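Descriptive analysis of the structure
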Amino acid sequence: MPVLRHTTNALGALPTSFRLTLFGAVAAAVALLPAASASASAAEPGVGGYTDPSYASACTFHRYGEGETPPLSLFSADPLCVEYAKRDITVANGGAARFLLAEPARFAIAVPACRYWQLDHWSVQATPGGTELVGWDGSYWFDKAEGSAAARVRNITVAGQPARAEEAAKVIRPYDARLADALVSEAAGVRVQLPVSGLC
């Protein structure tokens, strides 16, 4: 598979510390739903497992660019609906560093929310304007009052070409097996039950 070999070689050319930090951060972000539902029942796999949240019509999306963090005023939003551009995850121009610095604040705003829906658009490349090594669009939500959550990734690419989740996972697995597994699982669509929160 020449595309996969080329992409794996390109990822391997990135500094080791950068690859490990980047894929650790990406894995944590993709794992937001499972982390929020650690005590949830077994996932319900399959495309039919994912649906948009019941509160979708009540969402007003707050959109943030590369490395942008939401303001603290969003803590009171219910539902909290955000969309993040994560397309400049590039080592050469500092885009990866901006991404890594923004993630803690993004998590801090998400975790206390009762109803949360995140859309994001990922792209990892070695140089600005270079071919996308891997990319995808994600949709992750939870509803603590209803006791449910779901995740789905789609529009997956490898070396700038449409790809199956398994192909992207093969590229990513040497650097982060957890992220590779999450991509495969969430490409199929995942819905889980959460413990209901009395605070919501």
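Right above here is the structure, for reference.
Analysis parameters
- Residues numbered from 1 in each chain as written.
- Predicted model: local features only at pLDDT ≥ 70, side-chain atom pairs only at ≥ 80, totals over all residues.
- Heavy atoms only, no water.
- Disulfide = S-S within 2.5 Å.
- Helix = DSSP H or I, 4+ residues; strand = E, 2+ residues; numbered from the N terminus.
- Buried < 20%, exposed > 50% of the residue type's maximum accessible area, 1.4 Å probe, protein only.
- Contact = heavy atoms within 4.5 Å.
- Polar contact = N/O pair within 3.5 Å; in protein donor to acceptor, adjacent residues only side chain to side chain.

1. Overview of the state of the cysteines
- Enumeration according to the criterion identifies two disulfides in this entry.
- Across the disulfide, Cys59 is cross-linked to Cys81 (sulfur-sulfur distance 1.9 Å). As the torsion about the S-S bond is roughly -50°, the Cys59-Cys81 disulfide counts as left-handed. Of this pair, Cys59 sits in the loop between β1 (44-45) and β2 (62-64) while Cys81 sits in strand β3 (residues 80-90), and the two are 22 residues apart along the sequence. For the pair shown, Cys59 and Cys81 are each scored as buried.
- The disulfide that involves Cys114 links it to Cys200, with 2.0 Å between the sulfurs. The sign of the S-S torsion, about -85°, decides the handedness of the disulfide formed by Cys114 and Cys200: left-handed. Taken together, the residues Cys114 in the loop between α4 (95-110) and β4 (115-125) and Cys200 in the segment after β8 (190-193) connect sequence positions 86 residues apart.
- Owing to a relative accessible area of 33%, Cys200 belongs among the partly exposed residues under this scheme.
- Here the protein pairs its bonded cysteines, counted in sequence order, in the arrangement 1-2, 3-4.

2. Side note on the environment of Glu68
- Looking at where Glu68 falls in the secondary structure, it is placed in the loop between β2 and β3.
- For Glu68 and Ala105, which are 37 residues apart along the polypeptide, the C-alpha to C-alpha distance reads 9.5 Å.
- In this structure, Glu68 is in contact with Tyr84, Ala102 and Arg106, ignoring residues within four places of it in sequence.
- Here Gly65 takes part through its backbone nitrogen, which lies 2.5 Å from a polar atom of the side chain of Glu68.

3. Thoughts on unusual backbone geometry
- In this chain, Asp78 is followed by Pro79 through a cis amide linkage whose omega measures 0°.
- By the secondary structure assignment, Pro79 is in the loop between β2 and β3.
- Its identity is not glycine, yet Asn155 carries a phi of approximately 55°, on the positive side.
- If you trace the backbone, Asn155 turns up in strand β6 (residues 148-158).
- A positive phi angle, close to 55°, is found at Ala159, a residue other than glycine.

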